[in-house]
Amino acid sequence: MFTDFDRRAMARALELAERGLETTHPNPRVGCVIAQGEEVVGEGWHERAGAPHAEINALRVAGRKAAGASAYVTLEPCSHHGRTPPCIDALIAARVARVVFALEDPNPRVSGRGAEALRRAGVAVDSGLMAAEAAEINPGFLKRMRCGRPWVRVKLAMSLDGRTALANGESQWITGPPAREDVQHWRARSSAILTGIGTVLADDPRLDVRLPDPPAAGPRSAPLRVILDARLQTPPSARMLGTGGGVLIMTAADHREMETARATRHAGLAERGAEIEEVPAEHGAAPATGPGRARLSLPDVLDRLGRREINELWVEAGPGLAGALLRQGLVDELILYIAPKLLGPQARPLVEMGELRNLHEAPGFIVVDTRQIGEDIRLRLRPRQALQ
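As the structure is a prediction and not an experimental result, all values here were calculated from the model. (Residues numbered from 1 in each chain as written. Predicted model: local features only at pLDDT ≥ 70, side-chain atom pairs only at ≥ 80, totals over all residues. Heavy atoms only, no water.)

Caption draft 1: Local environment of the overall build of the protein chain. When its secondary structure is counted, the protein chain shows 12 helices and 16 strands. Relative to the 2.2 N^0.38 estimate, which gives 21 Å for 388 residues, the radius of gyration of the protein chain is 23 Å and therefore close to what a compact globule would have. Taken along the three principal axes of its C-alpha coordinates, the protein chain extends 70 × 50 × 40 Å. Residues classed as buried in the protein chain amount to 51% of the 388 residues present. Pairs at least 24 apart in sequence give 73% of the contacts found in the protein chain among residues at least 6 apart. As displayed, the protein chain has an accessible area near 18,200 Å², and 50% of this comes from carbon and sulfur atoms. Side chains of the protein chain give 50 positive and 48 negative charges; the mean places of these two sets differ by 1 Å. (Helix = DSSP H or I, 4+ residues; strand = E, 2+ residues; numbered from the N terminus. Rg over C-alpha atoms; globule rule 2.2 N^0.38 Å. Buried < 20%, exposed > 50% of the residue type's maximum accessible area, 1.4 Å probe, protein only. Contact = heavy atoms within 4.5 Å. Areas by Shrake-Rupley, 256 points an atom, 1.4 Å probe, with all protein chains shown as cover. Lys, Arg positive; Asp, Glu negative; His and termini not counted. Charge placed at Lys NZ, Arg CZ, Asp CG, Glu CD.)

Right, here's the structure in full:
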């Protein structure tokens, strides 16, 4: 069904799509190649939300040569009016003869409608070419459209013996500079970065993106920083509030009138530019104003972030929050950095999982990528159950 040239053209379209990794939020990353026979006459990619889509950019380059040509697109061309007109209209107007796309768009406003409209206009349509590779570029967009939640990546860094910090809390730095720069690229491609109040109080992180050069599509949009803070303990002096970009503090919903001290903290954080949203507490957790440990409902947190059009969520948190996400089956991918060091048994653990009674209860993972970065090793892992 597909020729060698079809595969080469789609591979090039995927390369183009990756140029928008850090700039297209909340839209998908899409690339397009237009060819007359085996001659490429136009290329384009979606650079940022509100800008022309990949097909439009490629058609502009191709000009009149698009007539009778084949268009290779990494995602089904859109058929609805959003910030820009439908791409199918432009493809039909350019008299493209054939459209090959990798993935059907799961957006309910598109899903199959783009292909159907092209076929009605007499355009030959083929789909499914390099679908797995295309899905790897847009896991967050695909999951959000299908499930209403973002793709959750949890970043962890550990020593050879599975420890993240010394017993006194010292952890800077377990990994070397190349690994820490790699983290910056993962942050940059994420729609939001999430942490817990424990990390804020202990480390006072900025969780911003610190990379020197802008990507090909222009300046990056700063990811939303999200703090899970059931008792609203974030200090107004937190560095995260003074580095630009949005900060969202998710706190426990308390349907009683907030006590005076908490209301004062709310006002102080709002003055510093933080947005505060109440989220239901985890079932059985202590209320935000009472004794004991207050915890937020993590499924509700992810639902709320999905409604905010968060595609990829990058989690940098302590062992408690990381373990809770793993225990509840809410992690789609682990990015694990392993440093060639030993910290000893008194050092702090990677995650808090609770005691397992049987070995078969242990969460299993598939290693999808292994890479040496400087002196450290980076593993990308996905839950075994999710891949079955």
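Caption draft 2: Region of interest: the side chain of Asp126. Along the chain, Asp126 falls in strand S5 (residues 124-127). Here the side chain of Asp126 touches Arg98 through a polar contact of 3.0 Å, side chain to side chain. Residues within four places of Asp126 in sequence aside, it is in contact with Met1, Phe2, Arg98, Val99, Val100 and Phe101. (Polar contact = N/O pair within 3.5 Å; in protein donor to acceptor, adjacent residues only side chain to side chain.)

Caption draft 3: Quick look at the side chain of Thr199. Looking at the element boundaries, Thr199 is found in helix H8 (residues 197-203). Taking the relative accessible area as the measure of exposure, Thr199 reaches 14% and is therefore buried. Leaving out residues up to four positions away in the same chain, Thr199 has contacts with Asp204, Pro205, Ala317 and Gly318.

Caption draft 4: Quick peek at the packing of aromatic side chains. Taken as a whole, this structure holds two aromatic pairs when the rule is applied. Consider the rings of Trp186 and Trp314, whose centres lie 5.9 Å apart with planes at 5 degrees: the pair is stacked. Remark: Trp314 occurs in strand S12 (residues 312-315) and Trp186 occurs in helix H7 (residues 177-189); sequence separation between them is 128 residues. As far as burial versus exposure is concerned, Trp186 and Trp314 are alike and both buried. Lying across the ring of Trp45, Arg19 places its NZ or CZ 4.7 Å from the centre. (Phe/Tyr/Trp six-rings, centres within 6.5 Å; stacked < 30°, edge-to-face > 60°. Lys NZ or Arg CZ within 6 Å of the ring centre and 35° of its normal.)

Caption draft 5: Structural context of helix H2 (residues 54-62). A large share of H2 lies buried, amounting to seven of its nine residues. Taken as a whole, H2 has its buried residues at Ala54, Glu55, Ile56, Asn57, Ala58, Leu59 and Ala62. Of the surrounding secondary structure, the elements contacted by the buried residues of H2 are strand S1 (31-36), strand S2 (39-45), strand S3 (70-75) and helix H3 (87-93). Gly63 sits one or two positions beyond H2 and adopts a positive phi of about 60 degrees.

Caption draft 6: Up close: the environment of Trp314. Assessed through its relative accessible area of 0%, Trp314 is described here as buried. For the pair Trp314 and Ala347, spaced 33 residues apart in sequence, the C-alpha to C-alpha distance is 25 Å. The residues contacting Trp314, other than those within four sequence positions of it, are Arg153, Lys155, Val183, Trp186, Arg187, Ser190, Ala192, Ile193, Leu194 and Ile335. Within the structure, the side chain of Trp314 is placed 2.7 Å from the side chain of Glu316, a separation counted as a polar contact.

Caption draft 7: How the structure looks around the nonpolar core. Residues Met10, Ile34, Tyr72, Leu91, Val96, Val99 and Leu118 are the most contacted members of the largest nonpolar core, which totals 43 residues. Among the elements that make up this core, the one with the highest residue count is helix H1 (residues 4-18) (seven residues). When near neighbours in sequence (up to four residues on either side) are disregarded, Leu91 contacts Glu55, Leu59, Ala71, Pro77, Val96, Val99 and Leu118. If you look at the next biggest cluster of nonpolar residues, it comprises 36 residues, including Val226, Ala230, Leu326 and Leu334. (Core = buried A, V, L, I, M, F, W, Y, C linked by side-chain atoms within 4.5 Å.)

Caption draft 8: How the structure looks around the sheet that holds S2. Spatially, the five strands line up as an open sheet ordered S2-S1-S3-S4-S5, and their pairing is mixed. Only two strands of the sheet have a single neighbouring strand rather than two, namely S2 and S5. When the angles between neighbouring strand axes are averaged without regard to direction, this sheet yields 15 degrees. (Pairing = 2+ DSSP bridges. Axes fitted to C-alpha atoms, helices over the stretch in contact; angles between N-to-C directions.)

Caption draft 9: Inspection of the environment of Glu352 at higher detail. Tracing the sequence through the fold places Glu352 in the loop between strand S14 (348-349) and strand S15 (365-373). A C-alpha to C-alpha distance of 7.5 Å links Glu352 and Ala324, two positions 28 residues apart in sequence. Residues within four places of Glu352 in sequence aside, it is in contact with Pro319, Gly320, Gly323, Ala324 and Arg327.

Caption draft 10: Broad picture of the pattern of salt bridges. By the definition in use, this model includes 27 salt bridges. Residues Asp126 and Arg98 are paired through a salt bridge, measuring 3.0 Å at the closest nitrogen-oxygen approach. Of this pair, Asp126 sits in strand S5 while Arg98 sits in strand S4 (residues 98-103), placing them 28 residues apart in sequence. Residue Asp126 is classed as buried on the basis of its relative accessible area, which comes to 18%. The salt bridge involving Glu312 is made with Arg153; its shortest N-O contact spans 2.6 Å. Of this pair, Glu312 sits in strand S12 while Arg153 sits in strand S6 (residues 151-158), placing them 159 residues apart in sequence. (Salt bridge = Lys/Arg side-chain N within 4 Å of Asp/Glu carboxyl O.)

Caption draft 11: Quick peek at the sheet that holds strand S13 (residues 333-338). The nine strands lie next to each other as S11-S10-S9-S8-S12-S6-S13-S16-S15, forming an open sheet whose pairing is mixed. Every interior strand has two partners, whereas the edge strands, strand S11 (274-279) and S15, have only one. Across the sheet, the mean angle separating the axes of adjacent strands is 25 degrees when strand polarity is ignored. Where strand S9 (residues 224-228) meets strand S10 (residues 247-252), four bridges bridge the pair, whose relative direction is parallel. For Val226, the partnering residue across the bridge sits in S10 and is Leu248. Packing of helix H10 (residues 298-307) onto the sheet brings it into contact with S6, strand S8 (192-196), S9, S10, S11 and S12, and relative to S11 it is tilted by some 130 degrees.

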